[in-house]
Amino acid sequence: IWMDGTLRPWADATVHVLSHSLQRGSLVFDYMSVHDLPEENGAGLPAGATVFRMREHIERFFHSCELMGLPLEQDASLMREAIRETVRANPGAKAVKISAYFSSIEIDVVPVDTHVTVAIAAYDPTVDVQDRLPTQPPAKPKALKLWIEKERANRRDDIVSPQAKVSANYASPMMAKAQARADGFDEIILVDEDGHLAEGPTANLFLVNQAGELLTPPARKVLHGVTRSSIIELAKAEGIPLREAELLPIELIEASEAFLTGTTAGVWPVESVDRRALSSCPGAISMKLQGRFKKVARGDDPEFSHWLTPAAD
């Protein structure tokens, strides 16, 4: 794990239990996928590990740090090379997680020691993380049973911006999703303070209404998901009309098809909402975008080969 310029063994990449990041929830992070390209690929890229949309993830990471007041000492160019170095040092990695945090032991809510530690982990979540757990997490279903969380969330920019990928933003969704899982659902969709659909805890929402329109909640109320922006661009490339719109829960319940997007999820079809089955799962638009997205990720789409950054020098 890369920490402030040095690669350290997994067991040595530690932080004190009384650090500000742990006690105050101030850790900012980003998460990106790694894909192993074969020798023969349509993108004309070198074989081996490639990071999906690294530039966009780094930009979002720096933006989150700016929103949360974490003064990074590194620049985007250094982060790019550090990520590539970490991926090379961890053959077989499927994901990269980059974190920025106040590692010092602090009493006040505003840290006195403003040094921000940056750590980069490249790993296979199914091996390096899940195999260390006392029990295995729920199996990933092919299609989702969604629950719309009826409790309105405070998603105002003057509290903690929904665009900040900071650990504190995940506490409320954690509790809501745990309850939904206990009730037999796979995932939840949060609503904003006005009762409009927002996003999942770690995924963005898209739906197709009965008129065949592809819709997604406005960017101002959701995390700017890199997969979300990828699907928006791919929809344009496929000639699929798409627009951002404020959506009421009933519009998701009555949708003809829906899917979630995220780094881990990719394009994940929805089969039911609040125990009501959608008319199509996976729908035609979901399948088309899912197929195009997978094609890009495996390096078989020259039009979007610029989204892939090889780890090798």
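Refer to the preceding data block for the structure.
Analysis parameters
Residues numbered from 1 in each chain as written. Predicted model: local features only at pLDDT ≥ 70, side-chain atom pairs only at ≥ 80, totals over all residues. Heavy atoms only, no water. Helix = DSSP H or I, 4+ residues; strand = E, 2+ residues; numbered from the N terminus. Rg over C-alpha atoms; globule rule 2.2 N^0.38 Å. Buried < 20%, exposed > 50% of the residue type's maximum accessible area, 1.4 Å probe, protein only. Contact = heavy atoms within 4.5 Å. Areas by Shrake-Rupley, 256 points an atom, 1.4 Å probe, with all protein chains shown as cover. Lys, Arg positive; Asp, Glu negative; His and termini not counted. Charge placed at Lys NZ, Arg CZ, Asp CG, Glu CD. Core = buried A, V, L, I, M, F, W, Y, C linked by side-chain atoms within 4.5 Å. Patch = residues over 30% accessible without salt bridge, like charges linked within 9 Å, V, L, I, M, F, W, Y side chains within 5 Å. Salt bridge = Lys/Arg side-chain N within 4 Å of Asp/Glu carboxyl O. Expected span 1.5 Å × (residues − 1). Axes fitted to C-alpha atoms, helices over the stretch in contact; angles between N-to-C directions. Parallel < 35°, antiparallel > 145°, perpendicular 65-115°, else oblique. Nonpolar A, V, L, I, M, F, W, Y, C, P; charged D, E, K, R; others polar. Phe/Tyr/Trp six-rings, centres within 6.5 Å; stacked < 30°, edge-to-face > 60°. Lys NZ or Arg CZ within 6 Å of the ring centre and 35° of its normal.

1. Details of the overall build of the chain
Phase 1: Along the chain, the regular secondary structure elements total 8 helices and 15 strands.
Phase 2: Its C-alpha radius of gyration of 20 Å places the chain within 12% of the 20 Å reference for a compact globule of 313 residues.
Phase 3: Within the chain, buried positions represent 49% of all 313 residues.
Phase 4: Considering only residue pairs separated by 6 or more positions, the chain has 71% of its internal contacts joining residues 24 or more positions apart.
Phase 5: Counting every atom, the chain has about 15,000 Å² of accessible surface; 53% of that belongs to carbon and sulfur.
Phase 6: Positive and negative side-chain charges in the chain, numbering 33 and 44 respectively, have mean positions lying 4 Å apart.

2. A look at the nonpolar core
Phase 1: Among the nonpolar cores identified, the biggest contains 27 residues, and Phe 61, Ile 83, Val 87, Val 96, Ala 100, Val 118 and Ile 120 are the most heavily contacted of them.
Phase 2: For this core, the elements supplying multiple residues, two or more each, are strand E3 (28-37), helix H2 (54-68), helix H3 (76-88), strand E5 (95-102) and strand E6 (116-123).
Phase 3: Sequence-distant contacts of Val 96, that is, excluding residues within four places in its chain, are made with Asp 30, Tyr 31, Met 32, Val 34, Ile 83, Val 87, Ile 120, Ala 121 and Ala 122.
Phase 4: In terms of nonpolar packing, the next biggest core, distinct from the first, is built from 22 residues, Ala 245, Ala 265, Trp 268 and Leu 278 among them.

3. Focus on the environment of Arg 243
Phase 1: With respect to the helices and strands, Arg 243 occurs in strand E11 (residues 242-244).
Phase 2: For Arg 243, a relative accessible area of 40% corresponds to the partly exposed category.
Phase 3: Considering only alpha carbons, one finds Arg 243 and Pro 217, 26 residues apart in sequence, at a separation of 8.7 Å.
Phase 4: Contacts of Arg 243, omitting those with residues within four sequence positions, involve Glu 213, Leu 214, Leu 215 and Thr 216.

4. What about unusual backbone geometry?
Phase 1: The omega torsion across Cys 281 and Pro 282 is -10°, close enough to zero to call that bond cis.
Phase 2: Structurally, the position occupied by Pro 282 is in the loop between strand E14 (276-277) and helix H8 (284-297).
Phase 3: Of note, the phi angle at Asp 274 is positive, near 50°, even though the residue is not glycine.
Phase 4: By relative accessible area, which is 17% here, Asp 274 ends up buried.
Phase 5: The backbone of Arg 275 shows a phi angle near 70°, a positive value even though the residue is not glycine.

5. Notes on a nonpolar patch on the surface
Phase 1: A surface patch of nonpolar side chains, amounting to about 380 Å² of accessible area, comprises Val 17, Leu 18, Leu 22 and Ile 105.
Phase 2: Considering the arrangement of structural elements, one finds Leu 22 in helix H1 (residues 20-24).
Phase 3: Of the residues examined, Leu 22 reaches a relative accessible area of 53% and is grouped as exposed.

6. Notes on H2
Phase 1: Here H2 contains 15 residues, and its C-alpha end-to-end distance of 21 Å stays within 8% of the 21 Å for a straight helix at 1.5 Å per residue.
Phase 2: When we look at burial in H2, the residues that qualify are Met 54, Glu 56, His 57, Ile 58, Arg 60, Phe 61, Ser 64 and Cys 65.
Phase 3: Buried residues belonging to H2 abut E3, strand E4 (48-52), H3, E5, helix H6 (226-237) and strand E15 (308-310).
Phase 4: Note on H2: the residue one or two positions beyond its end, Gly 69, has a positive phi of about 75°.

7. Some words on the packing of H6 against H8
Phase 1: Between H6 and H8, whose axes approach to 10 Å, the crossing angle comes to 110°. The angle between the axes of H6 and H8 places the two elements in the roughly perpendicular class. Residue-level contacts link Thr 227, Ser 230, Ile 231, Leu 234, Ala 235 and Ala 237 of H6 to Leu 289, Arg 292, Phe 293 and Val 296 of H8.
Phase 2: Residue composition of the contact of H6 with H8, by class: 7 nonpolar, 2 polar and 1 charged.

8. Quick notes on the packing of aromatic side chains
The description of an aromatic ring pair uses the distance of the two centres, along with the angle that the planes make with each other.
Phase 1: Within the structure shown, the criterion is met by 8 aromatic pairs.
Phase 2: Taking 6.1 Å as the distance between ring centres and 85° as the angle between the ring planes, the aromatic pair formed by Trp 10 and Tyr 123 counts as edge-to-face. On the criterion of sequence distance, the pair formed by Trp 10 in the loop between strand E2 (6-7) and H1 and Tyr 123 in strand E6 is long-range, its members being 113 residues apart.
Phase 3: Classification of Trp 10 by relative accessible area gives partly exposed; the value is 35%.
Phase 4: With a centroid separation of 5.2 Å and an interplanar angle of 45°, the aromatic rings of Trp 147 and Phe 185 are classed as tilted. Linking Trp 147 in strand E7 (residues 144-152) with Phe 185 in the loop between helix H5 (171-182) and strand E8 (187-191), this pair joins segments that are 38 residues apart in sequence.
Phase 5: Take Trp 147: its relative accessible area is 27%, and that puts it in the partly exposed class.
Phase 6: Taken together through their ring pairs, the aromatic side chains of Phe 52, Phe 293, Phe 304 and Trp 307 make up a single cluster.
Phase 7: The side chain of Lys 140 reaches across the aromatic face of Trp 268, ending 4.8 Å from its centre.

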